[in-house]
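Read off the chains here:
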Amino acid sequence: MSYIVLARKYRPQNFEEVYAQDHVTKTLRNAIDSDRIAHAYLFTGSRGVGKTSLARIMAKSLNCKEGPTSTPCNVCENCHEITDGISPDVIEIDGASNTGVDDIRDLQKELMYTASKSKYKIYIIDEVHMLSKSAFNALLKTLEEPPQNVIFIFATTEPHKLPPTIISRCQRYDFKRIPIDAIVARLQDIVEKEKITISEESLFIIARKAEGGMRDALSLMDQVISTGKDNITTEQVLSVFGVLSSEVYLEILAFLKKKQSTAVIRTIHQIFERGNDVQEFLNGLLETMRSILLIKVGIVLPEIPANLLNRYKQLSADYSEDDLMYLISYLIKLKNDIKTSSTPMLLVEMVFIKLARLAEMHSIEELISNTDKITAMPQASQATHAEYKDVTKEIRHISTDIVKETIINDVHKEKEKFSDLTKEKLEKEWPKIASMISKKHSVMSAYLKQAEVYDIKNNLITITVNSTLARDMLKKNQAALEKVFSDYLDKEVQITYKLIKKKVKEKVINPTVQQIRKDYPGIADFIEASESEVTTVIEKKF
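In what follows, the accompanying structure is described. (Residues numbered from 1 in each chain as written. Predicted model: local features only at pLDDT ≥ 70, side-chain atom pairs only at ≥ 80, totals over all residues. Heavy atoms only, no water.)

**Description of the overall build of the chain**
Heads up, the condition is: Each helix is a run of DSSP H or I of at least 4 residues and each strand a run of E of at least 2, with the numbering of both proceeding from the N terminus. For every residue, the accessible area obtained with a 1.4 Å probe (protein chains only) is divided by the maximum for its type, and the residue is called buried under 20%, exposed over 50%, and partly exposed between those limits. By definition in these notes, contact holds between two residues if any of their heavy atoms fall within 4.5 Å. Only the protein chains shown count as cover for residues, and the accessible areas themselves come from Shrake-Rupley with a 1.4 Å probe.
Along its length, the chain carries 25 helices and twelve strands. Looking at the chain residue by residue over its 542 residues, the buried ones come to 39%. When contacts within the chain are restricted to residue pairs at least 6 apart in sequence, long-range pairs at least 24 apart make up 70% of them. By element, 52% of the accessible surface of the chain is carried by carbon and sulfur atoms, the whole surface being about 31700 Å².

Spelled out as structure tokens, the structure:
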């Protein structure tokens, strides 16, 4: 297969070709030049930012025939073998496929053999976080004190999964995401070499889609080239990725500002009829509003195409910061709501109709400030207007004082309410107190509802209970009970209990009509009228 994908064809071969990682390359070059080479390195960062590429460059710098040198020749046999991945002294291991302790033991056996034709024997373990816990433990001693001229280079996208004992034995370098302008610069260099015509806006679309990964950008570029051949238009790029141009988002924001809800909904319908994903659409619109908001505060992002910069600036002048933050918050909420909705289109339409009425929305600060703007009548004189303003200010002060005084009076009244605590007052408040207790002590509340106030002397409350069980349960929670009462009554109180057993019921067998009449006169009248005989048992309380 003769074709080589761009990500492999244009892989960095020396430190100068590594984009946007100067903080790492500069340190490593200085270390090599000053012969301060560590025995273990850890490269961390998101996908496609150059971790494995830099590990290979490091290996070439150390094992080059001219080295160790920070500028490998890329011509000697060692450099060629490392570039092609066939060097016997530079072993690349996939951490995801060699996760077990046995794989590490095999590696340790290999360490006994010196490098065959290079100065260093270098092990590059990619995705090292995939190793098992036992594998890491087996590697610890070897990693701390490896044989002479053995170097480990680890690469991972998830450093938090590595044991601290491993990290502490390595020199760690954190790779950052590659900025959009750096990706665009690299893509422009590549398309010139490949003799491909493509617009700058298309390169920005690819760079944004790559999300900071150079390898992703080159893979996307490969995909675009396959579609558009040597002359690639912006429309082709947008079609390949299913994204919208910045002009569409700017147009929607202009419609929203002009309160043209019909135009907004029609544009959205056209977007979805073409098969665009709703989440991709919202992501693009949010990114556009972010750029406008940053312009508003004086920051111009490099990913804004030069031909659209004036339109971005115009919208930043049309919208206030509050407006933009209001729009962004609504769209973020819409993104989350759509995930669980069975009618996403309805949600989108409702939200955008609401956002088109942005001009009708007023912030609290604006409403407050409007109270200070008293418009004088056409016939009113300056003096009248000033008088009216003074009176309004005085009324406002008086109103504030009245509200404060009312609140203070209410508090005093509430405290005075129980200053003279009586049995009648406490009986009236009893259900409320029982309800408060039920929120924390449901069992105790049940016993308290059956109890009654017996007496109040000073701050001692005596309550009656009808069983020893109820009395024991209330005593068990005495402290909690007294605290609730004290908090509610706003005074320290103590509680004691009086046991009063239930009244005994007596059974009257075959009672006379006169006995029945005392409690049930209606039934007695019926017995006499019907000349009936009483044969049932009637329970009577004495």
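**Re the nonpolar core**
Selection criterion: Residues grouped as a nonpolar core are buried Ala, Val, Leu, Ile, Met, Phe, Trp, Tyr and Cys residues, joined through side-chain atoms within 4.5 Å.
Core analysis: the biggest nonpolar cluster contains 40 residues, and Leu253, Leu256, Phe281, Leu331 and Phe352 have the highest contact counts within it. Elements that contribute at least two residues to this core include exactly helix H12 (246–257), helix H13 (261–273), helix H14 (278–296), helix H15 (309–318), helix H16 (321–339) and helix H17 (344–355). The greatest single-element share of this core, amounting to nine residues, is contributed by H14. Apart from residues lying up to four places away in sequence, Phe281 is in contact with Leu244, Tyr249, Ile252, Ile268, Ile271, Phe272 and Phe352.

**With respect to the pattern of salt bridges**
Threshold: Any Lys or Arg side-chain nitrogen located within 4 Å of an Asp or Glu carboxyl oxygen qualifies as a salt bridge.
Using the criterion set out here, one finds 18 salt bridges in the structure. Note that Lys141 and Glu145 form a salt bridge whose closest N and O atoms lie 3.9 Å from each other. Across this residue pair, the class does not change: Lys141 and Glu145 are exposed.

**Quick notes on the packing of H13 against H17**
To keep things clear, this is the line we draw: To get an axis, a line is fitted to the C-alpha atoms, and for a helix only the part in contact is used. The angle between two axes follows their N-to-C directions and goes from 0 to 180 degrees. An angle counts as roughly parallel when it lies under 35 degrees, as roughly antiparallel when it exceeds 145, as roughly perpendicular when it falls between 65 and 115, and as oblique in every other case. Crossings are sorted by hand: turned counterclockwise from the far helix by less than a right angle, the near helix makes the crossing left-handed, and turned clockwise it makes it right-handed.
Contact geometry of H13 with H17 gives a least axis separation of 10 Å together with a crossing angle of 150°. When the axis of H13 is compared with that of H17, the two are roughly antiparallel. Seen from above, H13 lies across H17 with right-handed handedness. Here H13 contributes Val264, Ile265, Ile268, His269 and Phe272 to the contact with H17, which in turn contributes Met345, Val348, Glu349, Phe352 and Ile353.

**So, the sheet that holds strand S9 (residues 460–465)**
Stated precisely, the cut-off is as follows: By the convention used here, strands pair only if DSSP detects at least 2 bridges between them.
Strand order in the open sheet formed by three strands is S8-S9-S10, with mixed pairing between adjacent strands. In this open sheet, the two edge strands, each paired with only one partner strand, are strand S8 (452–457) and strand S10 (494–499). The sheet shows a mean angle of 25° between the axes of neighbouring strands, direction not considered. Pairing of S9 with S10 involves six bridges; the strand directions are parallel. Bridge assignment links Thr464 to a residue of S10, and that residue is Lys498. Where helix H20 (residues 423–438) meets the sheet, it contacts S8 and S9, and its direction lies at approximately 140° from that of S8. With respect to the sheet, helix H22 (residues 468–476) is in contact with S9 and S10, its orientation differing from that of S10 by roughly 165°.

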